[in-house]
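Residues per chain, in single letters:
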Amino acid sequence: MENMNPIENARLQLKSACELGDIDKNVYEILKNPQRVIEVSIPVKMDNGDVKVFTGYRSCHNTAVGPGKGGVRFHPNVTMDEVKALSMWMSFKCGVMNLPYGGGKGGIKVDPSELSQRELEELSRGYIRAIYKYLGDDIDIPAPDVNTNGKVMGWMLDEYIKLTGHHRPGTFTGKPIVLGGSKGRTEATGLGVTYITRNICHKLGLKLSDTSVLLQGFGNVGSYTFKFLAEMGFKVIGLLEWDKEIGEYALYNKNGISYEKLSKFKEENNSLVDFDGASRISAEEFWSLRADILIPAALENSVNEEIAEKLDIKVIVEGANGPVTSAADEILKNRSITVVPDILANSGGVTVSYYEWVQNRYGFYWNEAEVFNKLEPSMNEAFENIWAIKEEKNLTFRQATYVYSLIRISEAMNYRGWF
Ligand code: GLU
C-alpha cells in the first residue's frame, strides 16, 4: 500500500534534501518535527441549540528565520499529521522566497458547507480564543488556506483584537482590503503559479499559445490560475472538479475551455456540473488526457502511483500543497516528467502575505501594480536560482528546490547556535 501520510512524505523530502545538499545531520533531527503543535477542542452553540465540539490544530514548524507563517484550513479530513506536514512545507516555501518567516499551518476538522454563517463565525472566533496566545505578528501568522478566505480572517482578527486589546492587523494576512489586506493577495497564488508555468515553458521550449493544460480544482488557486493562464495565451483543455452530490467529474474541450464562460457559469450556478462549453468526462478519463502540462490545484495526494503511470503529459506544476505522493514522484522521475514543486510554484500567495505584513507594520499601503511588480521578479529570481542548481547538480526540480531552501534555514539555525 502506498504511504499517504503527508508528514512521512514531507520527512522523506527533507531527508533527501539533507543528503543531496550535504547538510549537517542535526538539521534533519531538528526539522523532522515541528517546534510546537497545539490541539484544541472548540465548542460551538449550533443554530438548533445543541453544542458541537470541533477539533482544531496549529503547528509552528520552525522559527529560526522568523515567526511562523501559514494558512488555516477548514476541511473534514484535517488531521494533526497533515497540519504538521503542511507547516513543514511552509518553512521550505518561505525559505525558497527568502521571506523572513518560518513555517506554520492550522486547521479545523469541519465541513464548512454544513455550517450556517453564524456557526462558522462562532467556530472561527472559538479557534482564536483557544490559540491566540501563540499567535502574533512576531510569533505565528495565519492566513487563508483551503475553504477559508478574507471573511474568516476578518472574524479571526476581530476576535484577536478583542482578546489582546491591541490593533495588530499583521497577525493575520489575506484580510479584506479595508481591514489592512493587501491589493492582489486574493489573486497572488494563482498568478504566481502562472508565472512559474510560463517560466518552465520557456526553459523547455514550449510556445505558450501551443501549450495545453489540464487543471485540477477551481477554488481560489485553480480559478485564478485558469484566469491568468488564459490571459497569457495557454489553452486549458481539461478541468477536474469535485461536487458534493456527484463526486469527481471533469470538463473537456480540445479547443480550450473559455475562462469567461466558465467563471460566469460558476457565478450564476455556484457549480460547474452542467457547464455547456465543454463535454463532461469522468475523472479516470481526465487523468489519461494528452496535454503538455498538468496543474493539480486541489488537495494533497491527488496524483498517486496509479495516476502517475498513466499521465500523458510533459510537466506538472504543483498548485496545491503536496499533490504528488512520494511514490508517484519516483515514477514521474523515471518517466522524465518534470515536476515543479509546490513550495516554489504556489509561493506567490505567501509572498504577497509578506507584502501585506510589511504594509501593516509600516502603516502605508501599495497599489496593485506595486504588488505585482515586486512579485513577478522575485518569483522569477527564485525560479532561475533553483534552475541553476538543478542543472549544475543534476537534480530533479523538487530536489533542487529543497536544497536551495534548506541551505538558508540551516544557516539561520547554525548562526543561532542550534547545532
Ligand atoms: N495557505 C497558503 C499556502 O499554503 C498561504 C499561506 C500564507 O499566506 O501565509 O501557501
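To keep things clear, this report deals only with the structure shown in the data block. (Residues numbered from 1 in each chain as written. Predicted model: local features only at pLDDT ≥ 70, side-chain atom pairs only at ≥ 80, totals over all residues. Heavy atoms only, no water.)

## A few points about the environment of Asp274
Next up, step 1: By secondary structure assignment, the location of Asp274 is in the loop between helix H8 (259-269) and strand S9 (279-281).
Next up, step 2: Its relative accessible area of 59% is what places Asp274 among the exposed residues.
Next up, step 3: Along the primary structure Asp274 and Asn33 are separated by 241 residues, whereas in three dimensions their C-alpha atoms are 45 Å apart.
Next up, step 4: Setting aside its immediate chain neighbours within four residues, Asp274 contacts Phe265 and Arg280. (Helix = DSSP H or I, 4+ residues; strand = E, 2+ residues; numbered from the N terminus. Buried < 20%, exposed > 50% of the residue type's maximum accessible area, 1.4 Å probe, protein only. Contact = heavy atoms within 4.5 Å.)

## Concerning the pattern of salt bridges
Next up, step 1: Counted according to the given criterion, the structure contains 27 salt bridges.
Next up, step 2: In this structure, Arg129 and Glu159 form a salt bridge, with 3.2 Å as the shortest nitrogen-oxygen distance. Residue Arg129 is located in helix H4 (residues 117-131), and its partner Glu159 is located in helix H5 (residues 150-164); the two are separated by 30 residues in the primary sequence.
Next up, step 3: A residue is classified by how much of its surface remains accessible, and Arg129, at 39% relative accessible area, is partly exposed.
Next up, step 4: On the accessibility criterion, Glu159 (9% relative accessible area) is buried.
Next up, step 5: One network of salt bridges, with partners in common, ties together Glu121, Arg125, Arg129, Asp158, Glu159 and Lys162. (Salt bridge = Lys/Arg side-chain N within 4 Å of Asp/Glu carboxyl O.)

## Side note on the site of the ligand
Next up, step 1: Taken together, 14 residues sit near the ligand, with Lys69, Lys93, Asp145, Arg185 and Ser353 positioned nearest.
Next up, step 2: The side chain of Lys93 places a nitrogen or oxygen atom 2.6 Å from an oxygen atom of the ligand.
Next up, step 3: Side-chain polar atom of Arg185 to an oxygen atom of the ligand: 2.9 Å apart, as the coordinates give it.
Next up, step 4: Protein chains shield 95% of the accessible area of the ligand, which is 300 Å² for the free molecule.
Next up, step 5: For the shell around the ligand, the secondary structure elements donating two or more residues are strand S3 (68-75), helix H3 (80-96), strand S5 (140-144) and helix H13 (348-362).
Next up, step 6: Within the shell around the ligand, the residues separate by chemical class into four nonpolar, five polar and five charged. (Near = heavy atom within 4 Å. Polar contact = N/O pair within 3.5 Å; in protein donor to acceptor, adjacent residues only side chain to side chain. Areas by Shrake-Rupley, 256 points an atom, 1.4 Å probe, with all protein chains shown as cover. Nonpolar A, V, L, I, M, F, W, Y, C, P; charged D, E, K, R; others polar.)

## Some details on the packing of aromatic side chains
Next up, step 1: What the rule picks out here adds up to 16 aromatic pairs.
Next up, step 2: By way of ring pairs, the aromatic residues Tyr101, Tyr354, Tyr355, Trp357 and Trp366 are connected into one cluster.
Next up, step 3: Lying across the ring of Tyr28, Lys15 places its NZ or CZ 4.4 Å from the centre.
Next up, step 4: Here the guanidinium or amino end of Lys374 rests over the ring plane of Trp366, the centre of that ring lying 4.2 Å away. (Phe/Tyr/Trp six-rings, centres within 6.5 Å; stacked < 30°, edge-to-face > 60°. Lys NZ or Arg CZ within 6 Å of the ring centre and 35° of its normal.)

## A word on helix H14 (residues 368-393)
Next up, step 1: Taking 1.5 Å of rise per residue, 26 residues should cover 38 Å, and H14 covers 38 Å from first to last C-alpha, within 8% of that figure.
Next up, step 2: All of the buried residues in H14 are Val371, Phe372, Leu375, Met379, Ala382, Phe383, Ile386, Trp387, Ile389 and Lys390.
Next up, step 3: Within two residues after H14, Asn394 carries a phi angle of roughly 55 degrees, on the positive side. (Expected span 1.5 Å × (residues − 1).)

## Comments concerning the sheet that holds strand S7 (residues 235-243)
Next up, step 1: Taken together, seven strands build an open sheet; the order of strands is S9-S8-S7-S6-S10-S11-S12 and the sheet is mixed. Of all strands in the sheet, those bounded by a partner on one side alone are S9 and strand S12 (338-340). Sheet twist, expressed as the mean angle between neighbouring strand axes with direction ignored, is 20 degrees.
Next up, step 2: Alignment of strand S10 (residues 293-296) against strand S11 (residues 315-317), held across two bridges, turns out to be parallel. Bridging from a neighbouring strand, Leu294 pairs with Ile316 of S11.
Next up, step 3: Sheet contacts for helix H6 (residues 185-204): S10, S11 and S12; angle to S11, the most-contacted strand, approximately 160 degrees. (Pairing = 2+ DSSP bridges. Axes fitted to C-alpha atoms, helices over the stretch in contact; angles between N-to-C directions.)

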